[in-house]
Amino acid sequence: MRSFLFSILAIATLTFTACEKDRMSVNSADEELILAIQTATDKSAVASSTLPATASTVLNSDYTESTTEEVLLASDLGYEVQLRRTEGTRVGERNTIYFNLDGQPLGYSREDGKKRDRKDCKGKDLRECFDFVYPVTFTLPDGTTTSGDKETLHTQIKEWYEANPDAEERPSLQFPVEITFEDGTIQTINSDEELEAAKESCEN
C-alpha cells in the first residue's frame, strides 16, 4: 500500500514539474520577444483587421469585455495590442497584450492586468461568476453619467474613451446595484468593497 501511494505521489510530482518547466521555458522566450516589441523603434499603427486569424480568435474569445484601441506592428517581431474594458466590473481598465507575427499570444495576458500563461496547466482565465442586474449607472471621469443595459453601456463607454484616448481614470459604479450569480442567486451590492468580495468569491 505504501509503495502504491509513493507511486501516485511520484506521478503527480512529475506532472507538476513538467508543467512548471514548460511554463518557465515558454515564459522566458516570450518575455524576451515582448521586451523586443516594447522597445522597438519602428512600430507602426495598423488596422485590427490586419491581425492574423489566430490573434483575432484569441481577442474574440478571451477578451470579450474589451475593445481594441490600437494595434502596433513591430517589423519582424510581432504585434502590440492595446485594449480597453467596456463591460463588467473593470470598465475603463487598460490592458496591453502581445502576439508574434503568426498571431500566437505571447507570455502572460489577462483582462484584469494580472499575468497568466496560456500554457498553464490550470487553463483559461478566471471569469467573474456574476453579472449586473441592468440597468446600472456609471459616472464617467469627466463627471457625466451613463445608464442602461449592457449593450448601451458598452457603446457609450467605448465612444467616451474614443473621444478621450488619453484618459487613465476609470468610470465609477453608482451603488447600490444588484448582481446575479450563475446559480440564479441575486445579491445587493452597496460599495466597492462588497463588489471586490463578490469577485473574490468567484475565484474561490
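Since the structure is predicted, the reported quantities are computational estimates derived from the model, not experimental observations.

Draft legend 1. Region of the structure containing the side chain of Thr 86. When you line up the elements, Thr 86 lands in the loop between strand E3 (78–85) and strand E4 (94–100). In contact with Thr 86, other than residues within four places in its own chain, are Glu 65, Ser 66, Thr 67, Val 91, Leu 153, His 154, Ile 157 and Lys 158.

Draft legend 2. Layout of helix H3 (residues 150–163). With 14 residues, H3 should cover 20 Å at 1.5 Å per step; its first-to-last C-alpha distance of 20 Å lies within 8% of that length. When we look at burial in H3, the residues that qualify are Leu 153, His 154, Ile 157, Trp 160 and Tyr 161. Summarising the axial view, the buried residues of H3 lie within an arc of 140 degrees, below the 170-degree limit, and thus occupy one face. Looking at H3, the residues exposed on the side facing more than 90 degrees away from the buried face are Glu 151, Glu 162 and Ala 163. Summarising the contacts, the buried residues of H3 are in contact with strand E2 (66–74), E3, strand E6 (136–139) and strand E7 (145–148).

Draft legend 3. The arrangement of the sheet that holds strand E8 (residues 172–173) in detail. Reading across the sheet, the three strands line up as E7-E6-E8 and stay open at both edges, with antiparallel pairing between neighbours. Edge positions in the open sheet fall to E7 and E8, since each of these has one partner strand only. Taken together, the two bridges between E6 and E8 define a ladder with antiparallel strand orientation. Paired with Thr 139 across the two strands is Ser 172, which belongs to E8. Against the sheet, H3 contacts E6 and E7, and its axis sits at roughly 150 degrees relative to E7.

Cut-offs used in this document
Residues numbered from 1 in each chain as written. Predicted model: local features only at pLDDT ≥ 70, side-chain atom pairs only at ≥ 80, totals over all residues. Heavy atoms only, no water. Helix = DSSP H or I, 4+ residues; strand = E, 2+ residues; numbered from the N terminus. Contact = heavy atoms within 4.5 Å. Expected span 1.5 Å × (residues − 1). Buried < 20%, exposed > 50% of the residue type's maximum accessible area, 1.4 Å probe, protein only. Arc of directions from axis to C-beta. Pairing = 2+ DSSP bridges. Axes fitted to C-alpha atoms, helices over the stretch in contact; angles between N-to-C directions.

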